[in-house]
Amino acid sequence: MLIIADVHGNLPALEAVLADAGSVDEIWSLGDLVGYGPHPNDVVQLLRSQPFRSLAGNHDWGATGQADLSVFNADARAACQWTDQVLEEETREYLVGLEVSSVFGSVHVAHGSPRDPLWEYLTNVRLAEINFGYFGTQVCLVGHTHVPITFRWREGVHGVGAFSASVPNAGDAIDPGADRLIFNPGSVGQPRDGDPRAAYAHYEPATGRFTFHRVAYDIAATQAAMRAAGLPERLAFRLQYGS
Ligand code: ZN
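Some points on the pattern of salt bridges
Part 1 of the reasoning: What the rule picks out here adds up to 12 salt bridges.
Part 2 of the reasoning: When the shortest N-O distance is used, the salt bridge between D179 and R154 registers 2.7 Å. With D179 in the loop between β9 (173-174) and β10 (180-184) and R154 in strand β7 (residues 149-155), this residue pair connects regions lying 25 residues apart in the sequence.
Part 3 of the reasoning: By relative accessible area, D179 is classed as buried at 5%.
Part 4 of the reasoning: Given a relative accessible area of 48%, R154 falls into the partly exposed group.
Part 5 of the reasoning: Between D195 and R197 there is a salt bridge, and its shortest N-O distance comes to 2.9 Å.
Part 6 of the reasoning: Several salt bridges share partner residues, and in doing so they unite D193, D195, R197 and R214 into one network.

Okay, structure coming up:
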């Protein structure tokens with residue numbers, strides 16, 4: 001299983017991930033297929049040509065008239081409006097039909113958090129701790145922050161648990177064991193953890209193991225397409241820093 005999140009219309013990044021990941025049974029996306037990037041239709045079309053499931057993210061809603069654009073910052077809003085204008089009808093219908101949270105296989109999935117699937121950013125252990133109460137499976141996958149992280153809840157004696165967070169490095173295996181996890185595989189199309197390479201994960205349902213990966217892609221090609229489309233310069237610039 002290939003796990004991706006926050007592709008954000010970045011076709012060169014998605015193509016690099018698909019090539020690096022090799023053959024997979026199915027692709028699971030945690031939302032924000034579009035917004036920010038210059039290739040919203042191509043990204044959705046390429047993914048839908050394969051065994052693929054996705055959730056909706058806040059930008060998928062913003063680009064299809066389902067979210068109030070005043071909640072986005074100026075650059076994100078401009079990118080949502082640009083995307084709305086260029087979306088082909090088939091892409092739009094697909095995005096509008098996406099659920100905001102679900103269970104894929106035996107894994108709970110939400111774009112932001114189990115408690116507030118479209119909007120909450122799970123950025124720290126305290127927020128993660130609260131959110132462990134909002135899903136019933138052992139493992140939950142989220143995106144939205146564009147920062148890879150694993151939150152772990154280990155049950156202690158008398159029901160007292162211990163919560164921890166760790167940041168995965170490329171190549172790391174993440175095994176739940178007897179713990180509960182909330183795992184964010186980072187962003188394919190707009191990483192924000194200081195590493196500009198596309199981030200993704202593999203998942204083996206039989207063992208429960210996730211493996212975290214990074215892959216370089218042609219950032220200049222995406223930036224050139226963004227500039228040609230008239231998307232905000234800051235959104236193109238940030239790609240080369242992963243910020
Ligand atoms: Zn996003």
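Don't stop here, the text continues.
Quick notes on the coordination of the zinc ion
Part 1 of the reasoning: Binding of the zinc ion to the protein goes through D6 (OD), H8 (NE2), D32 (OD) and H146 (NE2), at separations of 2.1 to 2.3 Å.
Part 2 of the reasoning: Coordination geometry of the zinc ion: the 4 donor atoms subtend angles of 87 to 177° at the metal centre, consistent with an arrangement described as irregular.
Part 3 of the reasoning: Along the chain, the residues that donate to the zinc ion are spaced as D-x1-H-x23-D-x113-H. Within this pair, whereas H8 is found in the loop between β1 (2-4) and α1 (11-21), its partner D32 is found in the loop between β2 (27-29) and α2 (40-48), the two being separated by 24 residues in sequence.
Part 4 of the reasoning: A relative accessible area of 1% means that H8 is categorised as buried.
Part 5 of the reasoning: Residue classification places D32 among the buried positions, given a relative accessible area of 1%.

Section: the environment of D172
Part 1 of the reasoning: Among the structural elements, D172 can be located in the loop between β8 (161-166) and β9.
Part 2 of the reasoning: Along the primary structure D172 and I4 are separated by 168 residues, whereas in three dimensions their C-alpha atoms are 16 Å apart.
Part 3 of the reasoning: Those residues in contact with D172 that lie beyond four places of it in its chain are F210, T211 and F212.
Part 4 of the reasoning: In terms of polar contacts, D172 uses its side chain to reach the backbone amide nitrogen of N169, at 2.8 Å.

Parameters and conventions
- Each chain has its residues counted from 1, following the order in which its sequence is written.
- Totals for whole chains, interfaces and linings use every residue, but because this is a predicted model, local features are given only for residues with pLDDT of at least 70 and side-chain atom pairs only at 80 or more, for both listing and counting.
- Note: side-chain values were computed over all heavy atoms of the structure, leaving out hydrogens and water.
- The rule for a salt bridge is simple: a side-chain nitrogen of Lys or Arg has to be within 4 Å of a carboxyl oxygen of Asp or Glu.
- Helix and strand definitions follow DSSP, with helices as H or I runs of at least four residues and strands as E runs of at least two, each counted in order from the N terminus.
- Throughout, exposure labels follow a simple rule: accessible area from a 1.4 Å probe, protein chains only, divided by the maximum for the residue type, with under 20% read as buried, over 50% as exposed, and the rest as partly exposed.
- Each metal's donors comprise the N, O and S atoms found within 2.8 Å of it (within 3.2 Å for Na, K or Ca). Water is not part of the atom list, so some coordination spheres may appear incomplete.
- For a four-donor site, all angles between 85 and 135 degrees give tetrahedral; for four or six donors, opposite pairs above 155 degrees with the remaining angles between 65 and 115 give square planar or octahedral; all remaining cases count as irregular.
- We call two residues in contact when some of their heavy atoms are within 4.5 Å.
- Whenever a nitrogen or oxygen atom comes within 3.5 Å of another N or O atom, the pair is scored as a polar contact, on the condition that within protein one atom can donate a hydrogen and the other can accept it, and that pairs from neighbouring residues in sequence are kept only if both atoms are in side chains.

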